Structure formats: C-alpha cells, structure tokens
Amino acid sequence: MLEIRNYSKTYGEGKKAADNVSLTVESGDIYGFIGHNGAGKSTTIRAVVGVLDFTEGEIFIDGHSVKDEPVECKRVTAYIPDNPDLYENLTGMQYLNFVADVFGIGAAEREEIIRKYADMFEITDSLGDMISSYSHGMKQKVAIISALIHDPKLMVLDEPFVGLDPKAAFILKEIMREMCRNGSAIFFSTHVLDVAEKLCNKVAIIRKGSIIATGTMEEITEGHSLEEVFLGDAFREADHE
Amino acid sequence: MLSGRQTMSNNLILLRTLLLSTSQRNIYRYCGDKKKRGKIIGGLIGASLIYAMIMAYCIMICIGYGATGMIGSAPVMCALIISLLAFLFTFFKTNGYLFNFREYDMLMSLPFEARTVAGCKFLYMYIKSLPWYLSVSLAMMIGYGYYARPSFLIYPVWVILAFFLPVIPMLIASLLGFLIARISAGFRKTNIIQTVLMMVFVIICFSLRFIIEDIFRNNKVEATLEKTSEMTSNAADIYLPAKWFADAVTKHSAAGMLLLAGTSVLLFAAVFRIVGNSYRSINSALRSHAAAKKYRMTGLKEHNVVNAMAFKEYKRLMGSTAYTVNGAMGEILAILLGLITLIIGFDRIVSVVTANAPFDHAILRPAIPLIIYFFIGMAATTAMSPSLEGKNYWIIKSLPVEMKTVYQGKMLFNMYLTMPAMAFATLCICISAGVPVIDTVLYLIMGVALCAFSTAWGCVCGVKHMRLDWENEIEVIKQGAAVAIYMLPNMFAVMGLTVMVVFLGMRMDHRLLTVIFILIATLLAVLSYLRVMTLSKRN
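Calculation criteria
Residues numbered from 1 in each chain as written. Chains lettered and ligands numbered in written order. Predicted model: local features only at pLDDT ≥ 70, side-chain atom pairs only at ≥ 80, totals over all residues. Heavy atoms only, no water. Pairing = 2+ DSSP bridges. Helix = DSSP H or I, 4+ residues; strand = E, 2+ residues; numbered from the N terminus. Contact = heavy atoms within 4.5 Å. Axes fitted to C-alpha atoms, helices over the stretch in contact; angles between N-to-C directions. Buried < 20%, exposed > 50% of the residue type's maximum accessible area, 1.4 Å probe, protein only. Core = buried A, V, L, I, M, F, W, Y, C linked by side-chain atoms within 4.5 Å. Expected span 1.5 Å × (residues − 1). Arc of directions from axis to C-beta. Patch = residues over 30% accessible without salt bridge, like charges linked within 9 Å, V, L, I, M, F, W, Y side chains within 5 Å. Areas by Shrake-Rupley, 256 points an atom, 1.4 Å probe, with all protein chains shown as cover. Salt bridge = Lys/Arg side-chain N within 4 Å of Asp/Glu carboxyl O. Lys, Arg positive; Asp, Glu negative; His and termini not counted. Charge placed at Lys NZ, Arg CZ, Asp CG, Glu CD. Polar contact = N/O pair within 3.5 Å; in protein donor to acceptor, adjacent residues only side chain to side chain. Buried area = accessible area lost by both parts, 1.4 Å probe. Nonpolar A, V, L, I, M, F, W, Y, C, P; charged D, E, K, R; others polar.

(A) How the structure looks around the sheet that holds strand S2 (residues 15–25) of chain A. Residues and elements named next belong to chain A. Ordered in space as S2-S1-S4-S5, the 4 strands form an open sheet in which the pairing is antiparallel. Two strands lie at the open edges of the sheet, namely S2 and strand S5 (64–65), each paired on one side alone. As judged from the 5 bridges shared by strand S1 (residues 2–11) and strand S4 (residues 56–61), these two strands associate in the antiparallel manner. For Leu 2, the partnering residue across the bridge sits in S4 and is Ile 61. Along the sheet face, helix H1 (residues 41–48) touches S1, S2 and S4 and points at about 120° away from the line of S1.

So this is what it looks like as structure tokens:
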C-alpha cells in the first residue's frame, strides 16, 4: 500500500532531515513510526502525503508515485497532522462538507458517515459551532472525521493521540484496528511507546533521519518491551557521543 | 490526471470554501459573541466609509477633468489607477496568500492539483479586493458619464470590463512574487532573501517615477507632458490593457474588449501553469527551516522586561517577509530619501517633485520632518503587533507581567525602528538644504515627537482593534482594521499639515511654528500613550 524507497530530504546546506529512508506498509498493517523529537518522522510523513517536495528517492501509494501522480495518491490517502490547521471561521459541519465535496461523497453517504463518527466522538452537538471555538481535542476529532469520510486505503497520522481524551483515543485505536481488518493500512508516528507496542504489528525506528530498525513488533523487541529497545538504543547513542 | 470537469468542480469547491472561511457573514451567523458581531458591523460601516471616500476622490478627479475639458482621459486614468492599485496590493500579498499560508499542509494533502490550489488562492485574492477596484471604476464611470454624455452602450461595457481590469496587473504581480519566491527558495536563509528582494523591487518601483520623469525631461518631450491627458495617453501607450479598456469604452472597440478579456484569461491560465509546476517545491522551501544543530551555550545577556519584549518584537519582524516589508518599508524609504537628497541635492529633488514650479525652496524647510514622517508614519509595527500575537497570545497572557509592560515593549521597539531612520533622514536633508544648526535640532526634536505619536497612536489602534483569530498574517498586516484606522487619518493629516506648515511658514516665524508643532505632536503622543495605558487595564 505504501512503499518508501531510498527517500532523502536535505534542508539548507547539506543537513539531512531524512537519509535514505526505506520501508513498506502492506494492506492490513498498523505501522508505527517512532523516533525522538527532530528525528525526521514528520519530514517523512509530510513527503508521503504529498505536502513536502523531495528530489531523492521514490514514494508509492497503491502503486502510484507521489512525485508523478500526487492527486491519485491523495485520493486514497487520509492525513491527520499533529496540530490540524483547519479553517477557524467555518463551522465543524461546513468543514466536513468541504472535504466531502472534494472527495465527491454523496449527500446521504456523507451524512451517514459524519453522523456515525461524530456520535462516536460525541461532538455532534458542536458541529454547528465555529471551529475557532473548539478545543484542540475537538479540532483533532473533526480532522479525524474528515479523514474517514472517503474510506481511505491508507491513513497517515502524525502523533494522533496528542490532545485526545482517553475515550477518544480508545475510539481512534478501535477505528484504526477496524480499518486494517477491512484491508486498509495505517502509518502513524507516535512517542507513546506503550500504544505503539499494543497497537502496531510493524514498527520502524528513525534516528537522525535514518531508519535504524524496521520489522514486525516481535522482530524488533525480541522479547523485550519496545520502551527498553528504544531507550536502550538512545542511551547507547548518548554514551557514544 | 484529473479531467477538466473535475478540475473545474474542485476549483469551485475550493474557492467557495476559501471565501466562506473568511466571510464576515458566516462569522456573524455562527458566532454567538455579541462583541464580535458588533465589530463585524463596525468593520462593515468603516469599509463602506472608505469605499465612499475612494468614490468621492475619483468623482473629484472626473470633475477636474470635466472642468478642464479633458474628460476623454478619464477611462485611461481609471484603468491606470486600478492597475497600479491591483499591482501593488497583490505584490505585497503574494507571500502569505499565494505562498507560505497557514493551511497549506491541509489543502495540499487533499486531492487538489498544485495549480488548482494556487489558482484558487489567486481568485480568492481577486474577489476579496474587487470592491476596491469596483469603487474606483464605478465612480469614474459615473463621472465620465455625467461630463462626456456617451451612448448608453458604454455603461454595460464599462461594468463588464471593470471586472477584467485588475486581472492582468494582479497576474504580473503574482508572477513577480512567484519569481522572488522561486529565487529565495534556492537559498538557505529563504525569508531574508525574499524580504530583501521584495524591498529592492519596491524601491525600484518608487524610484521609477523619478527616473521616468527625468528621462522625459532630458529627452525634451516636456511639451508632451504639459497636459495630464497627454501624460495618461503616454502611459496607456506603454501599458496596453489601459489602452484596450479606453478604446472599448470610448470607441466601442470590440477588439479592445476582446483583447482585455482574452489576455486576462489566457495570462491566468499561463501564469498558473508555470506557478503550479514549482508550487510544491517553493512552498516546501518557504515552510522549511534549516537547522544547523551546532549551537554551543555561551554567555547569555540579561535584558529588562520592556527591552526583552522589544527584542521579541524585533525577532517577530525579522521572521516574516510580509511583516518586514510592510512594517519597515517606510524607514528604508526615509533613509533612501535622505541619502538621495544628500547625493542629488535638496533643490534638485524639490524641482523634480514640483515640476520646476517657480518658488523659493527654503519655504519647504519647516516641512522636512513631516515629509520624512510621511514615509516613516506609513506603518507602525504597534498597529500590527498586538494582532500578530495570534495563537501565541497565551504566551504573553501567561507571563507574570502587566499588559502595559507588554505594550511598552512593543512601543519601545517601534521607537527603536523609527527614530534612527527619522534622525538620519532629517540630518541628511538638513545638510543638503543648508538648514541652520538650531533649525536642524528643532526638526530632529519634531521628528522624535512624530515618531512617538506614530508609535503610541499605532498602539491605540492595535490594542483597540486587536484581532487574534486570523487565518493568514496578511489579514492583520495589510487589511486589519487597526492598520486602516491608524494609517488613513495619519496620512491625510500629514499631507494637510505639510501644506499648512508651508503656508503658515511664509506668514509667521517658522521656528515658532516648529515649536508649536513639536508641542502639538508631543501632546498627541502623550494622550495616545495614556490611552494605551488605560486600554492595557481592560485586556
């Protein structure tokens, strides 16, 4: 579903934010992407969803190249950023309607989907209010609903659990599992290692722009906890420095 | 690839949403806050007054033309005014509207083609600024109709073409903004390069008027410039869309009409094909910040709270191309004016500006601080900076400092920005004009008083009309109520005061006059400062 091949991104004078990143996310995978702050997670994710331009490497979504066929890729992808910048002066419903229009979702279908997820996240009553009046968590919920409107084959999330209340975080995890059961793929970054360990079947660890470990959860942890593996690597690196 | 129909449909969806997302009607409808609703109505009344002022000004131009029998020049003048306004408005807005806007990630992650996003952003900018251009166009049409008594057919043609008139200059400005962004994107310090290039371009535009006048003078075509009508015709010969418009309305030229409409549409398609091709790479560069990660902790300096606030304002100004270009352009122009006057000479500059009018240039001396203030007072960072806090407002609100300290910091920064420029320009012009030392000192004091007034008055407007819920910083830098309320009375008052100083200076002791003006400016500055202190207690 998602294939990143030798992707590199350089900022300024030679400083690589992502260096030769390669990974593959299959249909049905919940793929965790973990790394410390500034490791290159968001840079990679923004390139995957077609927001960030890149020259080195290739990224394919459902067989389409992000570079050459960005619109085809985006038709099957949904992106939820860590801090969604939605149109503050639209109501929640106006924003969701906009996204549904863009994906050409029929009126009855969009109403059903929006009602279903808005009820799940308990924000149906607030959909008529301006987004500017929403809390961070409510904006995040609207962004999640907008991402689910077109039943994406690939959902890319950047720190999706930040700002969500425990119930909403639980619902989101359930939605992610449900999507994967239905053949979609999830690729998300997180700092919450417990969540990654319980939710993901595959994981990649990125450090200073390079992938240092990738594989199934069992291959990566080898009987240890993900936290031990991740922090062990981090401490070893600190000792080297 | 998307089909043509899909692209058109996506264009409409996106354009409609962009307009809805900043529609005051939408905010009024769904916002429960009575204060906010009141502000919307106040803003509407304010905007209507400004449109009425513009229309009155344009009708006065037509009355002037009508009285001197030159009403035939009105259509060309109309086209030139709109083109100039459209060009300048767009050029300053390109970075912020077309590139580097806040919701870029959200829009680009949706299945839109890059050129659809860029094109819709342009159309959004066009529709939002259309009322300005239409108020000029319709007022001049009424004036022209009254004096020229043309056939009825002219009115529908004029109205239709009024919608096309701003398109070409807006596209040219967008293309220039695109080229500047494209060049800047290749550098590490993208923001700084972009700011410098934009400023250089604006300075060239300002200088162009003098250069062209000088060329015309040296080429002995002075005779052709004797009449304003001939001057506008000359301009229309250079800028063809103005000629096409004038031909369409005065000569019923179908070719003129088709050329204006056709060129606008074709140029739009061409420009956004070019822009679309590198849209993602430019935005990626503009929105990315290189990180050297080489910092080594060294001795840190302490600042008092007000200075720390002022330093924060400095970093905010330097971090945004739109803010720097709009906030510091006046100071740069004032410094350039000082340098140019020093090099070329005060008398020569006055001769160029007044077209060699026969009068003693010494009578203009008392107006020197006001002339410099015309540039420096164009913008005050204090009118923009309270709103520019935007979503970061919580930072200053959560600090253990009173709001008056925050505003004092903002005012101190504006003084740091304006005073050196004012002092430098005043000294340069005074040296060039041979102004006696005592008068030079008085002008310097007057300059400082004017800077203080600009700073404090800007802060009154900025605090009173603070708007934190902007989508794009351009909304508060160029279009904010605070900036409009600060700038318009300020500029009109300066123009009036300049005339008054020159007029009174011929009838009374000009030193006494300068002292009176210093006292008035100081009084106004103090009153404005006290008002800021009062407002700070409410926030």
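(B) Examining helix H3 (residues 92–102) of chain A more closely. Burial analysis of H3(A) places 8 of its 11 residues in the buried class, the great majority of the element. For H3(A), every residue scored as buried is listed here: A:Gly92, A:Gln94, A:Tyr95, A:Leu96, A:Phe98, A:Val99, A:Ala100 and A:Val102.

(C) A look at the nonpolar core. In this structure, A:Tyr95, A:Phe98, A:Met155, A:Met176, A:Phe187, B:Met140 and B:Tyr279 are the most contacted members of the largest nonpolar core, which totals 175 residues. A:Tyr95 has contacts with A:Leu86, A:Tyr87, A:Leu90, A:Ile131, A:Val142, A:Ser146 and B:Met106, leaving out every residue within four places of it along the chain. Judged by nonpolar contacts, the second largest core, of 44 residues, contains B:Leu364, B:Leu370, B:Ala421 and B:Ala425.

(D) How the structure looks around unusual backbone geometry. All names here are of chain A. Despite not being glycine, Glu 122 shows a phi value in the positive range, around 55°. You can see Glu 122 is positioned in the loop between helix H4 (107–120) and helix H5 (136–148). For Asp 151, which is not a glycine, the phi torsion comes out positive at approximately 50°. Structurally, the position occupied by Asp 151 is in the loop between H5 and strand S7 (154–158).

(E) Region of interest: H4(A). Residues and elements named next belong to chain A. Counted at 1.5 Å a residue, the expected span for H4 with its 14 residues is 20 Å, and the 20 Å between its end C-alpha atoms agrees. Those residues of H4 lying buried are Arg 110, Ile 113, Ile 114, Tyr 117 and Ala 118. Down the axis of H4, the sector holding all buried residues measures 120°, keeping them to one side. Counted as exposed and oriented over 90 degrees from the buried face of H4: Ala 108 and Glu 112. Lining the buried residues of H4 we find H3, H5 and helix H6 (166–181). Of the residues one or two after H4, Glu 122 is the one with positive phi, at around 55°.

(F) Region of interest: a positive patch on the surface. Residues and elements named next belong to chain B. Together, Lys 35, Lys 39, Lys 464 and Arg 538 make up a region of like positive charge exposed at the surface. Tracing the backbone through its elements, the reader meets Lys 35 in helix H3 (residues 34–67). A residue is classified by how much of its surface remains accessible, and Lys 35, at 65% relative accessible area, is exposed.

(G) Looking closely at the environment of B:Ser320. Residue and element names in this part refer to chain B. On the secondary structure map, Ser 320 appears in the loop between helix H13 (305–318) and helix H14 (321–344). Each C-alpha atom, one on Ser 320 and one on Asn 95, is 9.6 Å from the other, the two residues being 225 residues apart in sequence. Only 2.5 Å separates the side chain of Ser 320 from the side chain of Glu 473, close enough to count as a polar contact.

(H) How the structure looks around the interface of chain A and chain B. With 35 residues of chain A in contact, the opposing surface of chain B contributes 40 residues. Each partner contributes to the roughly 3,500 Å² buried at the junction of chain A and chain B, and carbon and sulfur atoms together form 56% of this total. The tally of links between chain A and chain B comes to 4 salt bridges. As a salt-bridge pair, A:Arg46 and B:Asp105 come within 2.9 Å of each other at their nearest N and O atoms. Where chain A touches chain B, the interface holds 12 residue pairs in polar contact (both at pLDDT 80 or more). Taken together, the elements giving at least two residues each to the side of chain A that touches chain B come down to helix H2 (70–75) and H3 of chain A. Residue contributions to the side of chain A that touches chain B peak at 6 residues, all from H3(A). Across the side of chain A that touches chain B, the residue classes break down as 16 nonpolar, 7 polar and 12 charged.

Bear in mind that shape data such as this cannot, by itself, settle questions of function.
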